[in-house]
Amino acid sequence: MLYMICATDVADSLEKRLATRPAHLERLNALKDAGRLVMAGPFPAVDSPDPGPAGFTGSLVVAEFDSLEAAQAWTEADPYIDAGVYESVVVKPYKKVLP
């Protein structure tokens, strides 16, 4: 089943994000390589695809997991959590309708 992982960053998270990004992307690429990643990306803090020093306010991942518990466990192991990037994270089942 698909699950939505929506995270909200702490204030001024950009430096922590940049330092931890390679490890974060490695995990996302593993999901992609396994054919389980639908989409993933950050929320720019300003109305621009490249927010520069404004940074980001959070992230969204939609991916396939065996269960809600598996999605939560994967999320809890995210390097952004260990680095203090995320203030809060919500994991919910997701039903893709379109396209």
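Residues numbered from 1 in each chain as written. Predicted model: local features only at pLDDT ≥ 70, side-chain atom pairs only at ≥ 80, totals over all residues. Heavy atoms only, no water.

Enquirer: Help me understand the sheet that holds strand 4 (residues 86-94), please; the structure alone is not making it clear to me.
Expert: What holds strands together in a sheet is hydrogen bonding between their backbones, with the strands either parallel or antiparallel. The 4 strands are arranged 2-3-1-4 in an open sheet whose pairing can be described as antiparallel. Each of the sheet's edge strands pairs with one partner strand only, and the pair in question is strand 2 (37-44) and strand 4. The sheet shows a mean angle of 10° between the axes of neighbouring strands, taken without regard to direction. Pairing of strand 2 with strand 3 (residues 56-64) involves 7 bridges; the strand directions are antiparallel. Of the residues in strand 3, the one forming a bridge with F43 is G58. Along the sheet, helix 1 (residues 14-33) makes contact with strand 1 (2-9), strand 2, strand 3 and strand 4, crossing strand 3 at roughly 10°. Its contacts with the sheet place helix 2 (residues 68-76) against strand 1 and strand 4, and it is angled at close to 155° to strand 4. (Pairing = 2+ DSSP bridges. Helix = DSSP H or I, 4+ residues; strand = E, 2+ residues; numbered from the N terminus. Axes fitted to C-alpha atoms, helices over the stretch in contact; angles between N-to-C directions. Contact = heavy atoms within 4.5 Å.)

Enquirer: Teacher, can you tell me more about helix 1 here?
Expert: At 3.6 residues per turn, the α-helix brings residues three or four places apart onto the same side. Look at helix 1: 27 Å from first C-alpha to last across 20 residues, which is about the 28 Å you get at 1.5 Å a residue. When the local axis directions of helix 1 are compared, the greatest deviation, roughly 55°, occurs at T20, which is followed within four positions by the proline P22. Residues of helix 1 that are buried: R17, T20, H24, R27, L28 and L31. Among the structural elements, strand 1, strand 2, strand 3, helix 2, helix 3 (79-82) and strand 4 are those in contact with the buried residues of helix 1. Positioned one or two residues after helix 1, G35 has a phi angle of 75°, which is positive. (Expected span 1.5 Å × (residues − 1). Bend = angle between axes of the 7 residues up to and from the residue. Buried < 20%, exposed > 50% of the residue type's maximum accessible area, 1.4 Å probe, protein only.)

Enquirer: Could you clarify how one ought to interpret empty space enclosed by the protein in this entry?
Expert: Think of a ball as big as a water molecule: rolled over the atoms, this probe shows where empty space is left. Going through the model one piece at a time under the given rule, you end up with 1 cavity of 30 Å³ or more. Its volume calculated, the largest cavity comes out at about 50 Å³. Around the largest cavity sit I5, A7, H24, S59, V61, W74, T75, D78, Y86 and V89, which together line it. Those elements giving two or more residues to the lining of the largest cavity turn out to be strand 1, strand 3, helix 2 and strand 4. Looking at the lining of the largest cavity residue by residue, the classes come out as 6 nonpolar, 3 polar and 1 charged. (1 Å grid on protein atoms, 1.4 Å probe; cavity = no way out; pocket = protein on both sides within 12 Å on 5 of 7 lines; lining within 4 Å. Points joined across faces, edges and corners; volume = space filled by probe spheres on them. Nonpolar A, V, L, I, M, F, W, Y, C, P; charged D, E, K, R; others polar.)

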